[in-house]
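Fold and contact review
What follows is the residue order along each chain.
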Amino acid sequence: MIVIKYLSYGYRKGQQLFEGLNLTLHPGKVYGLLGRNGAGKSSLIKQMAGLLFPVHGSCTLNGREARHRDPDMLEQLFFIPEECQLPPVTIPVFLRIYQGFYPNFNLHQFEEYLRIFRVPPDSHLRRLSFGQKKKVYIAFALAANTAVLIMDEPTNGLDIPSKLQFRDIVRSAGCCDRLTIMSTHQVKDLDNLIDNVIMIDQGQILLQADKAALTEYFSPEPLDLEILFNRVIDQRS
Ligand SMILES: Nc1ncnc2c1ncn2[C@@H]1O[C@H](COP(=O)(O)OP(=O)(O)OP(=O)(O)O)[C@@H](O)[C@H]1O
């Protein structure tokens, strides 16, 4: 569970991005963090990953302060940044170095995800394109089977077929108690993966709701997250 309580944060003194933010995320759910460019999505999920620290308030992962980045917490947390930096080694060497950090890592799953993404498993990471590197990172992250998986704009840099493969892989990797949160400003890319929607703008949470509840609310009209998102944002402008 991720619990954010009264979190305030700003990059510069006197300029608050978040002020008194509260949010609780539960295991077993896939959260979509939606917001336009500059809304604060990356900053919020970096707080969850312990990469930015609250000025006031707290952010805890399963009861531990994220900012402490305890080894016990880190082996159950995977964060995929928007731009993935990977060491200049082959995939087998990468695996030898990193898989030991994740006790639930599953090699068979990793190989299967690479196969679906069409990345040769013996590739040298230095020779892969931006999108191919991102696929290796995503495959590794899902195969790590951590309790918490945080992805920042995971579909950025993926071409259209790869976005479909991404959706298939995330769906097939879904396990009952993993908490997944994905940020995006491209709502359509993640629409049918998400089961809870969080919309933020200018550092504030505009809406948090289960997609099932939203679907029922909008029934008999089909729920279109992109239209809802634009409507919520328009009301603020
Ligand atoms: N390192 C930084 N130093 C100063 N300001 C920053 C820094 N990183 C982000 N910001 C500012 O914080 C605000 C939120 O940025 P953030 O990257 O969290 O937004 P975002 O919703 O992830 O945007 P995008 O969709 O473009 O990735 C923006 O106004 C941005 O200019």
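Residues numbered from 1 in each chain as written. Predicted model: local features only at pLDDT ≥ 70, side-chain atom pairs only at ≥ 80, totals over all residues.

Looking at an unreviewed UniProt entry, one finds the protein named ABC transporter ATP-binding protein and attributed to Mucilaginibacter segetis.

Some remarks on the site of the ligand
Taken together, Y11, L17, G35, N37, G38, A39, G40, K41, S42, S43 and H185 make up the full set of residues adjacent to the ligand. By residue class, the composition of the shell around the ligand is 3 nonpolar, 7 polar and 1 charged. (Near = placed C-beta within 6 Å. Nonpolar A, V, L, I, M, F, W, Y, C, P; charged D, E, K, R; others polar.)

Regarding the packing of helix α4 (residues 107–117) against helix α5 (residues 130–143)
Two elements in contact, α4 and α5, have axes separated by 8 Å at closest approach and are oriented at 150°. Relative to α5, the element α4 lies roughly antiparallel. Considering the relative orientation of α4 and α5, their crossing is right-handed. The residues of α5 that touch α4, namely those facing Q109, F110, Y113, L114 and F117, are K135, A139, F140, L142 and A143. Considering only residue class, the contact of α4 with α5 consists of 8 nonpolar, 1 polar and 1 charged. (Axes fitted to C-alpha atoms, helices over the stretch in contact; angles between N-to-C directions. Helix = DSSP H or I, 4+ residues; strand = E, 2+ residues; numbered from the N terminus. Parallel < 35°, antiparallel > 145°, perpendicular 65-115°, else oblique. Left-handed = near helix turned anticlockwise from the far one by under 90°. Contact = placed C-beta atoms within 7 Å.)

Topic: the nonpolar core
Core analysis: the largest hydrophobic core is formed by 60 residues, its most contacted members being L33, M48, A139 and A141. A per-element tally of this core places α5 first, with 8 residues. (Core = buried A, V, L, I, M, F, W, Y, C linked by C-beta atoms within 7 Å. Buried ≥ 20, exposed ≤ 12 C-beta atoms within 10 Å, placed from the backbone.)

Some remarks on the packing of α5 against helix α6 (residues 160–173)
Packed helices, taken two at a time, are described by the angle between their axes plus the distance between the axes. Orientation of α5 relative to α6, taken along the N-to-C sense of each, is 5°, at an axis distance of 11 Å. The angle between α5 and α6 places the two elements in the roughly parallel class. Residues G131, K135, I138 and L142 of α5 form the contact with α6, whose own contacting residues are S162, F166, I169 and A173. Among the residues forming the contact of α5 with α6, the class breakdown is 5 nonpolar, 2 polar and 1 charged.

Thoughts on the sheet that holds strand β10 (residues 204–210)
Whenever strands of a sheet pair, they do so through backbone hydrogen bonds, lying parallel or antiparallel. The mixed open sheet is built from 6 strands, whose spatial order is β6-β7-β8-β3-β9-β10. Edge positions in the sheet fall to β6 (77–80) and β10, since each has one partner strand and no second. Ignoring strand direction, the axes of neighbouring strands in this sheet form an average angle of 15°. With 5 bridges joining them, strand β3 (residues 30–34) and strand β8 (residues 179–184) adopt parallel strand pairing. Residue pairing in the sheet places L33 in a bridge with S183 of β8. (Pairing = 2+ DSSP bridges.)

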